[in-house]
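# Geometric and topological summary
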Amino acid sequence: MKISEKILDNISSLSKIRIDEEIKSDLVKDLESILEMVEEMNKIDTSGIEPMSHPLEEADNLRKDIATKEIKRDEYQKYAPQTDDGFYLTPKVVE
Amino acid sequence: MNDTWESVIGLEVHVQLSTESKIFSNAPTKFGQTQNSQASLVDLGLPGVLPVLNEKTIEMAIKFGCAINANISSKAIFARKNYFYPDLPKGYQISQLDDPIVGEGKISIEVDNEEKFIGITRAHLEEDAGKSLHDKYENLSAIDLNRAGTPLLEIVSEPDLRSAKEAVAYLKKIHSIITFLEISDGNMSQGSMRCDANVSIRKYGEMEFGNRTELKNINSFRFVEKAINYEIDRQIEIVENGGSIDQETRLYDANKNETRSMRSKEHANDYRYFPDPDLIPVIISRETIQEIQKTLPELPEQKISRFIKDYKISEYESKNLNVSKEISSFFEKVAKKISSPELAAKWILGDLMAILNKNNSEIQDSKISSEDMIDLLSRLEEGSLSGPGAKKILELCWSSNESVDVLVKKEGFDELKGEDELLEIITKIIKDNSKQFEQYLNGKDKLFGFFVGQVMKETKGNADPKLVNELLNKKLKQ
């Protein structure tokens, strides 16, 4: 599969990663080679094999419904670049 | 309605599950708390944290599945739905794509006395996002992540609904199922139940669906009907004028009663779902499902038939009493304590509902308790309180916050006029209304009601109507 300029732009916008003009051609090569590998994998006959969503199955992985009282908001907010009045602040994003 | 165009509607309903803690973290889920005081490190999406599934959410989803006779998946898999928005700090929402916990089922609705079955495609578990406030700061968005991670059950219907009215009936049915099951408080004004509607139109008889629009942001039964009707009219107008419908997401604006295009959603979303490697599949055994099935409470339909049978009330009354769990249990508390359950049905659906509606209130916030109602109706049954008197007490009970017992004494309703006192009043009324009395004697029987009214007015309702009738009969015929 070929990666067109349009597909590359779409990937860039979905992942919110800006792609500089000068690396575009190298990136296209890389992405195409990844897709080639996937195409190679798709050739394997998997009929009769049940899809697996996770290598581990059947484990006790549930939690009781008990709420903690220990929410240390002030401490957590130290990690954020900008907060005010208990809010986390981000550049204005209006949908 | 239009004779040419048929509307085709499917609903996606998001139900907030009433758990103590969030779906993947142990942060509390209380509504209306200080910003970010309910957001743990998991909800904040900090690196290195891991989600751990709340077992209660699985149980609640299975309950819903059992209630609508749906297939319950033997394995539930969680997937990441990827998109970027500030109130989704992880950059993905944990949801389900393949193997949703609840598979196909159906729900019966009733519109214009006709029963109809609406297919349920699926119901899956997912986490809610946080909230963004855009008006608080000039160039910044303020993020409150209290809601982030709140468990949601998203119930997706087939495009089986054919009018806004059917959509409302369907929503009300979902509302009653989730509240009777006690898996959600169903409070629409607090966002515990939210709805997106997929709407399209086609000519009657056509098999193909038309292009559909998705309406977002509908948060009350009333708005669902208005938003869908607005959208149907808009689509008909476009198509009849030779245009075509764009497949797009539209936002309903309740203030303007219109829908408008959300341009940001112009590009088809590509959520790049994939199984969340942080969560291993949940295996659901047949035994677990059977155990949960056993704990299912009585559902609205079962209650409706039982009320008709046990309390000898009409089907109409029973249905109206069972629109919510709260009304239903309020009625049952009262009906069990008085001798005539029909009287309870009549007063709850009549006067009490009227007071609640007038005050924009729900029965669970009612200032009139079931004890007040029992007290009031018992007095009515034994004849120590008249109908108008009871009505007055009920209204006072709401406005004054005092119990029926206190109010009856305060208003003097506990001292019904005795026979002697009543006779005295009747004599005076006959004297004051000699003209009417004469007409009555000359055969104008209808005037009997006039005299009853005068007595009740004079006694301010503090008289047993039966006794008043009896005494009047005697006096007028003397």
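In case you missed it, the structure is sitting above this.
About the thresholds
Residues numbered from 1 in each chain as written. Chains lettered and ligands numbered in written order. Predicted model: local features only at pLDDT ≥ 70, side-chain atom pairs only at ≥ 80, totals over all residues. Heavy atoms only, no water. Helix = DSSP H or I, 4+ residues; strand = E, 2+ residues; numbered from the N terminus. Rg over C-alpha atoms; globule rule 2.2 N^0.38 Å. Buried < 20%, exposed > 50% of the residue type's maximum accessible area, 1.4 Å probe, protein only. Contact = heavy atoms within 4.5 Å. Areas by Shrake-Rupley, 256 points an atom, 1.4 Å probe, with all protein chains shown as cover. Lys, Arg positive; Asp, Glu negative; His and termini not counted. Charge placed at Lys NZ, Arg CZ, Asp CG, Glu CD. Expected span 1.5 Å × (residues − 1). Arc of directions from axis to C-beta. Phe/Tyr/Trp six-rings, centres within 6.5 Å; stacked < 30°, edge-to-face > 60°. Buried area = accessible area lost by both parts, 1.4 Å probe. Salt bridge = Lys/Arg side-chain N within 4 Å of Asp/Glu carboxyl O. Polar contact = N/O pair within 3.5 Å; in protein donor to acceptor, adjacent residues only side chain to side chain. Nonpolar A, V, L, I, M, F, W, Y, C, P; charged D, E, K, R; others polar. Pairing = 2+ DSSP bridges.

### Section: the overall build of chain B
- On a plain count of helices and strands, chain B comes out with 15 helices and 16 strands.
- Its C-alpha radius of gyration of 29 Å places chain B more than 25% over the 23 Å reference for a compact globule of 478 residues.
- The dimensions of chain B, computed from C-alpha atoms along their principal axes, are 95 × 55 × 55 Å.
- A total of 478 residues make up chain B; the buried ones form 52% of that total.
- In chain B, of all internal contacts separated by at least 6 residues, the share reaching a separation of at least 24 is 68%.
- Of the roughly 23300 Å² of accessible surface on chain B, a fraction of 46% belongs to carbon and sulfur atoms.
- Taken as two groups, the 63 positive and 78 negative side-chain charges of chain B have centres that lie 3 Å from each other.

### Thoughts on the overall build of chain A
- In terms of helices and strands, chain A carries three helices and three strands.
- Scaling as 2.2 N^0.38, a compact globule of 95 residues should have a C-alpha radius of gyration of about 12 Å, whereas chain A reaches 23 Å, well beyond that.
- Seen through its C-alpha atoms, chain A measures out along the principal axes to roughly 55 × 45 × 25 Å.
- A fraction of 26% describes how many contacts in chain A between residues 6 or more apart in sequence connect residues 24 or more apart.
- Within the structure as shown, chain A displays about 7800 Å² of accessible surface, and the carbon and sulfur contribution to it stands at 54%.
- Put simply, chain A has 14 plus and 23 minus side-chain charges, and the middle of one group is 7 Å from the middle of the other.

### Section: helix α12 (residues 419-432) of chain B
Residues and elements named next belong to chain B.
- For α12, built from 14 residues, the straight-helix expectation of 20 Å at 1.5 Å per residue is met to within 8% by its first-to-last C-alpha distance of 20 Å.
- Along α12, the residues that are buried comprise L422, I425, I426, I429 and I430. The arc that holds the buried residues of α12, viewed along the axis, is 135°, so those residues lie on one side. Of the residues in α12, the exposed ones pointing more than 90 degrees away from the buried face are D420, E424, K431 and D432.
- On its buried face, α12 is in contact with α13 (434-441), α14 (447-458) and α15 (465-476).

### Some words on helix α10 (residues 387-400) of chain B
Residues and elements named next belong to chain B.
- End to end, α10 covers 20 Å across 14 residues, agreeing with the expected 20 Å (1.5 Å per residue, within 8%).
- Those residues of α10 that fall on the buried side of the exposure criterion are G389, A390, I393, L394, C397 and W398.
- Directly beyond the C-terminal end of α10, a positive phi value near 70° is found at N401.

### A look at the packing of aromatic side chains
All names here are of chain B.
- For the structure shown, the criterion picks out nine aromatic pairs over all chains.
- Relative to Y271, the ring of Y83 lies with its centre 6.0 Å away and its plane at 65°, an arrangement referred to as edge-to-face. Of the two residues, Y83 is situated in the loop between β4 (79-82) and β5 (92-95) and Y271 in the loop between β14 (258-261) and β15 (274-275); the sequence distance between them amounts to 188 residues.
- The class of Y271 is partly exposed, set by a relative accessible area of 22%.
- Arranged with centres 6.3 Å apart and planes meeting at 80°, the rings of Y271 and Y273 form a pair that is edge-to-face.
- Y273 sits in the partly exposed class, given a relative accessible area of 31%.

### A few points about the interface of chain A and chain B
- Facing 36 residues of chain A, the contacting portion of chain B comprises 55 residues.
- A combined buried area of about 4000 Å² lies between chain A and chain B, and 59% of that area is made up of carbon and sulfur atoms.
- Taken together, chain A and chain B are joined by two salt bridges.
- Summed over the shared surface of chain A and chain B, the number is 26 residue pairs in polar contact (both at pLDDT 80 or more).
- The set of elements that each furnish at least two residues to the side of chain A that touches chain B consists of α1 (5-15), β1 (62-63), α3 (73-77) and β3 (87-91) of chain A.
- It is β3 of chain A that provides the largest number of residues to the side of chain A that touches chain B, a total of five residues.
- Among the residues forming the side of chain A that touches chain B, the class breakdown is 15 nonpolar, nine polar and twelve charged.

### Some words on the sheet that holds β15 of chain B
Residue and element names in this part refer to chain B.
- With antiparallel pairing, three strands are arranged side by side in an open sheet as β5-β4-β15. Looking at strand neighbours, the two that pair on one side only are β5 and β15, the edges of this open sheet.
- Across two bridges, β4 lies against β15 in antiparallel orientation. Following the sheet pairing, R80 is matched in β15 by F274.

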